[in-house]
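Report on the structure
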Amino acid sequence: PLSRLRVVVTVRLDLLRYSVSAYGRYDPKVLNNPQFAGADVGRKDVTHPYELPAFRHAVAGRLLAWNDSVAAIRALRACGIEPIVSAYEPFDDVGIPKAFAKDLVAPCWGYDEDGTWSTAARPSFEEFTASYVPEHKVTKVHSSRLGAFASNARDLYNEMIKRDDPTFAGFAREAGVAVADLEWL
């Protein structure tokens, strides 16, 4: 039933790295860079400079994305739906999104339509995910250390320090959404 529907809003909390990840959309010179061309580069680091004007556009674009996420949370709440918020960064630590899917599905997995715990025969969660949730891994294209792939990492850090942008929590709070009140995955 729809009463068990859960909506997950995923946000990236680290604005610097979020902006770096979107940089290729704002600098046409990186189209041939394997990091932004969709090539399988594994963990092989590619070092190149990030042009500050394009980086600033990337930051502005990520702030707009945060705005969209906060607007979605507010709209869902206005409809009586309390979303779950998921931070993107744990994918970097966990590496396998299936673990997150299990956390989402597990609370609903054993309940019948009347809301009582069921011992009815149904596939195990492992059988279910093996059939319906493909095994995906988050593949990092470079290290989390900016200096490993950005030849001007210090400039990027300095740019962020000068900007004085809010955190996602501060951004949401300014829009009337208290992050502490949200359910986080």
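Shown above is the structure to which this text applies.
The following paragraphs examine the structure supplied in this document. (Residues numbered from 1 in each chain as written. Predicted model: local features only at pLDDT ≥ 70, side-chain atom pairs only at ≥ 80, totals over all residues. Heavy atoms only, no water.)

All right, on to the packing of aromatic side chains then. Going through the model one piece at a time under the given rule, you end up with four aromatic pairs. Seen in terms of ring centroids, Tyr23 and Tyr50 are 4.5 Å apart; in terms of plane orientation they differ by 55°. Their pairing is tilted. Pair noted here: Tyr23 is in the loop between helix 1 (15–22) and helix 2 (52–78) and Tyr50 is in the loop between helix 1 and helix 2, with a separation of 27 residues, a long-range link. Side by side, Tyr23 and Tyr50 carry an identical accessibility label, which is buried. Aromatic side chains Trp66 and Phe168 sit 5.5 Å apart centroid to centroid with 75° between the ring planes, which places their arrangement in the edge-to-face category. In this pair, Trp66 is assigned in helix 2 and Phe168 in helix 7 (residues 168–174), connecting sequence segments 102 residues apart. Side by side, Trp66 and Phe168 carry an identical accessibility label, which is buried. Here the guanidinium or amino end of Arg62 rests over the ring plane of Tyr18, the centre of that ring lying 5.2 Å away. (Phe/Tyr/Trp six-rings, centres within 6.5 Å; stacked < 30°, edge-to-face > 60°. Helix = DSSP H or I, 4+ residues; strand = E, 2+ residues; numbered from the N terminus. Buried < 20%, exposed > 50% of the residue type's maximum accessible area, 1.4 Å probe, protein only. Lys NZ or Arg CZ within 6 Å of the ring centre and 35° of its normal.)

Now for the packing of helix 2 against helix 6 (residues 153–163). Between helix 2 and helix 6, the least distance of the axes is 11 Å, while the angle of their chain directions is 50°. With respect to helix 6, the axis of helix 2 lies oblique. By crossing handedness, the relation of helix 2 to helix 6 is classed as right-handed. Here Leu52, Phe55, Arg56, Val59 and Leu63 of helix 2 lie close against helix 6, whose contacting residues are Asp155, Leu156, Glu159, Met160 and Arg163. For the contact of helix 2 with helix 6, the class distribution of residues is six nonpolar, no polar and four charged. (Axes fitted to C-alpha atoms, helices over the stretch in contact; angles between N-to-C directions. Parallel < 35°, antiparallel > 145°, perpendicular 65-115°, else oblique. Left-handed = near helix turned anticlockwise from the far one by under 90°. Contact = heavy atoms within 4.5 Å. Nonpolar A, V, L, I, M, F, W, Y, C, P; charged D, E, K, R; others polar.)

With a phi angle near 60°, Asp164 is a residue other than glycine that sits in the positive phi range. Residue position: Asp164 is located in the loop between helix 6 and helix 7.

The periodicity of an α-helix, 3.6 residues per turn, causes residues three or four places apart in sequence to face the same way. The first and last C-alpha atoms of helix 2 sit 39 Å apart over 27 residues, in line with the 39 Å expected at 1.5 Å per residue. Just beyond helix 2, the residue with positive phi is Gly80, at close to 80°. (Expected span 1.5 Å × (residues − 1).)

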